[in-house]
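Breakdown of the fold
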Amino acid sequence: MRESNPPNIDLGSEIVLFGKCFSRLLLIGIATTGLPATSGAQDYPSRPIKVIVGFPPGGGTDVAARLVTHQMSKSLGQPVFIENKPGAAGSLGAAEAARSAPDGYTLLVTPGGHSIFGAIFKSLPFHPVDSFDWISNIITIPFFIVVPASSEFKTLADVVAKAKAAPGTVSFGSTGPGSTHHLGTELLGSRAGVKFLHVPYRGDAPIITALLANEIHFSIVTPTQAIANVKAGKFRALAVTSNSRHGDMPDVPTVEQTLGIPNFDLRSWFGMAAPAGTPRPVIDRLNAEMQKAVNVPEVKARLAAMGGEVAAGTTDAMRERVARELATWTKTVDDAGIAKQ
């Protein structure tokens, strides 16, 4: 049996046709390679989100975190749960968040003291700014500088004058070395050209007790602590540390107004961050959800009750705040000769 002749094949045409098909397949492959990231961002979140708080339950950071994450979980359609990891002034929780997978499923809510880490600790397992992708501010909270109602000091200028006349004798309380209370007052002293006597305590409550007992001359305290005790006739508020007066005590001047120190603006804050390298679409989504959460009337009212200004800003503004404060606290620690921990 004779084998049939093979069909005629135009090799040139087949090569061209193969080249076209290969090019199309290559383009489809490239496009498909980009789909997971886009699809992942569109589908985010597809499982529960953990938010680390580096402090025990019930504190200011924890309360702010629970208020906003509860609201965000409704909008995101996934549970957003808090995991408290207290220790080392919040740095243990920050360290865990920094080394977590940058996928948007582990976040961090941290206070203004986060900016101090790089200034006060000799070494850290993370960088306070660069180890995170910053999502948004939640609230900023100023402090009031208060004295006992029976104090000889009627104005902040009186305090500074006494400290200039007798350096190191005018005492102030703080929640411990390296705390915002401590470094904030050191910053005030540096800008005013005086040196105060630091007396550390184990928390806010002992400071209030010490002030009422006239054990210290003055301290910076939160708005809730100041307002309650001023209204009760126990404290006198000498100044507010923000660059504008506080709505609940509009008669109290700013530090700049009473001392003439330009651009003095000391405020704590609560903010949200993710591990560095988290996809930008995820960060943008979380920022948008934060914007919505803090403007829900009930959430905004409860946050405002902490005595601050409720506002979710841009991701860039949050990062710039942390970086700027890190530089300020580093200089404050160096200028005051404070030993690093």
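Anyway, here's the lowdown on the structure attached to this text. Sequence order sets the numbering: in each chain, residues are counted from 1 along the sequence as written. Thresholds applied to this predicted model are a pLDDT of at least 70 for local features of residues and 80 or more for the giving and counting of side-chain atom pairs; totals over whole chains, interfaces and linings are not thresholded and use all residues. Note: side-chain values were computed over all heavy atoms of the structure, leaving out hydrogens and water.

**A short note on the overall build of the protein chain**
Selection criterion: To qualify as a helix, a DSSP run of H or I must reach at least 4 residues; to qualify as a strand, a run of E must reach at least 2; elements of each kind are numbered from the N terminus. Think of it in three bands: residues with accessible area under 20% of the maximum for their type are buried, residues over 50% are exposed, and the middle band is partly exposed, with areas taken using a 1.4 Å probe on protein chains only. Contacts are residue-level and defined by heavy atoms, with any inter-residue pair within 4.5 Å sufficient. The protein chains shown are the only cover counted for residues, whose accessible areas, like all others here, come from Shrake-Rupley with a 1.4 Å probe.
When you go through the protein chain residue by residue, the secondary structure sums to 12 helices and 11 strands. Counting only residues that meet the buried cut, the protein chain has 47% of its 341 residues in that class. Restricting the contact set of the protein chain to residue pairs at least 6 apart, pairs at least 24 apart contribute 77%. When the accessible surface of the protein chain is summed, it comes to about 16300 Å², and 57% of that surface belongs to carbon and sulfur atoms.

**Comments concerning the environment of Val 146**
You can see Val 146 is positioned in strand β5 (residues 144–148). Linking Val 146 and Ala 239, residues 93 residues apart in sequence, is a C-alpha distance of 7.5 Å. Those residues in contact with Val 146, other than ones at most four positions away along the chain, are Leu 211, His 217, Phe 218, Ser 219, Val 221, Ala 226, Phe 235, Arg 236 and Ala 237.

**Observations concerning the nonpolar core**
Basically, it comes down to this: By convention a nonpolar core is built from buried Ala, Val, Leu, Ile, Met, Phe, Trp, Tyr and Cys residues, the set being connected through side-chain atoms within 4.5 Å.
Counting residues in each nonpolar core, the largest one holds 46 residues, and the members touching the most others are Phe 132, Trp 134, Ile 145, Val 159, Phe 196, Phe 218 and Val 255. With 5 residues, helix α12 (residues 315–336) is the single largest residue contributor to this core. Beyond its immediate chain neighbours, meaning those up to four positions away, Ile 145 contacts Leu 156, Leu 188, Phe 218, Ser 219, Ile 220, Arg 236, Ala 237, Leu 238, Ala 239, Thr 241 and Val 255.

**Side note on the environment of Ile 49**
Here Ile 49 is to be found in strand β1 (residues 49–53). Using a relative accessible area of 1% as the deciding quantity, one classes Ile 49 as buried. Considering only alpha carbons, one finds Ile 49 and Gly 104, 55 residues apart in sequence, at a separation of 7.5 Å. Non-local contacts of Ile 49, meaning those with residues more than four positions away in its chain, are made with Tyr 44, Leu 76, Pro 79, Val 80, Phe 81, Gly 104, Tyr 105 and Leu 107.

**Thoughts on the pairing of β5**
Convention followed: For two strands to be treated as a pair, DSSP must find at least two bridges joining them.
Among the 5 residues of β5, 5 are classified as buried, and the element is accordingly described as predominantly covered. In this sheet, strand β9 (residues 235–240) lies alongside β5 in antiparallel orientation, the contact comprising 5 bridges. Bridge pairing in β9 places Phe 144 opposite Val 240.

**As for the layout of surface pockets**
The gaps of empty space that remain are located by a probe, the size of a water molecule, rolled over the atoms. Threshold: We place a 1 Å grid over just the protein atoms. Points where a 1.4 Å probe fits but has no way out form a cavity, open points with protein on both sides within 12 Å along at least 5 of 7 lines form a pocket, and any residue with an atom within 4 Å of a point lines it. Grid points are joined across faces, edges and corners, and a volume is the space filled by probe spheres set on the points.
Considering only enclosed or pocket space, the largest pocket measures out at about 1000 Å³ in volume. Phe 55, Pro 111, Thr 175, His 181 and Asp 204 are the residues nearest the centre of the largest pocket, which is lined by 37 residues in total. Within the residue set of the lining of the largest pocket, elements represented by two or more residues are α2 (60–76), α4 (117–120), β4 (132–142), α6 (180–192), α8 (223–231) and β10 (267–275). Here the lining of the largest pocket gets 3 residues from one element, more than from any other, and that element is α2.

**Notes on the packing of α2 against helix α10 (residues 280–294)**
Definition in use: Helix axes use the C-alpha atoms of the stretch in contact, all axes being lines fitted to C-alpha atoms, and the angles between their N-to-C directions lie in the range 0 to 180 degrees. Handedness of a crossing follows from how the near helix is turned relative to the far one, being left-handed for an anticlockwise turn of less than a right angle and right-handed for a clockwise one.
It is the contact of α2 with α10, at a shortest axis distance of 9 Å, that shows an interaxial angle of 115°. Pair α2 / α10 crosses with right-handed handedness. Of α10, the residues touching α2 (which contributes Val 68, Gln 71, Met 72, Ser 75 and Leu 76) are Arg 285, Leu 286, Glu 289, Met 290, Lys 292, Ala 293 and Val 294.

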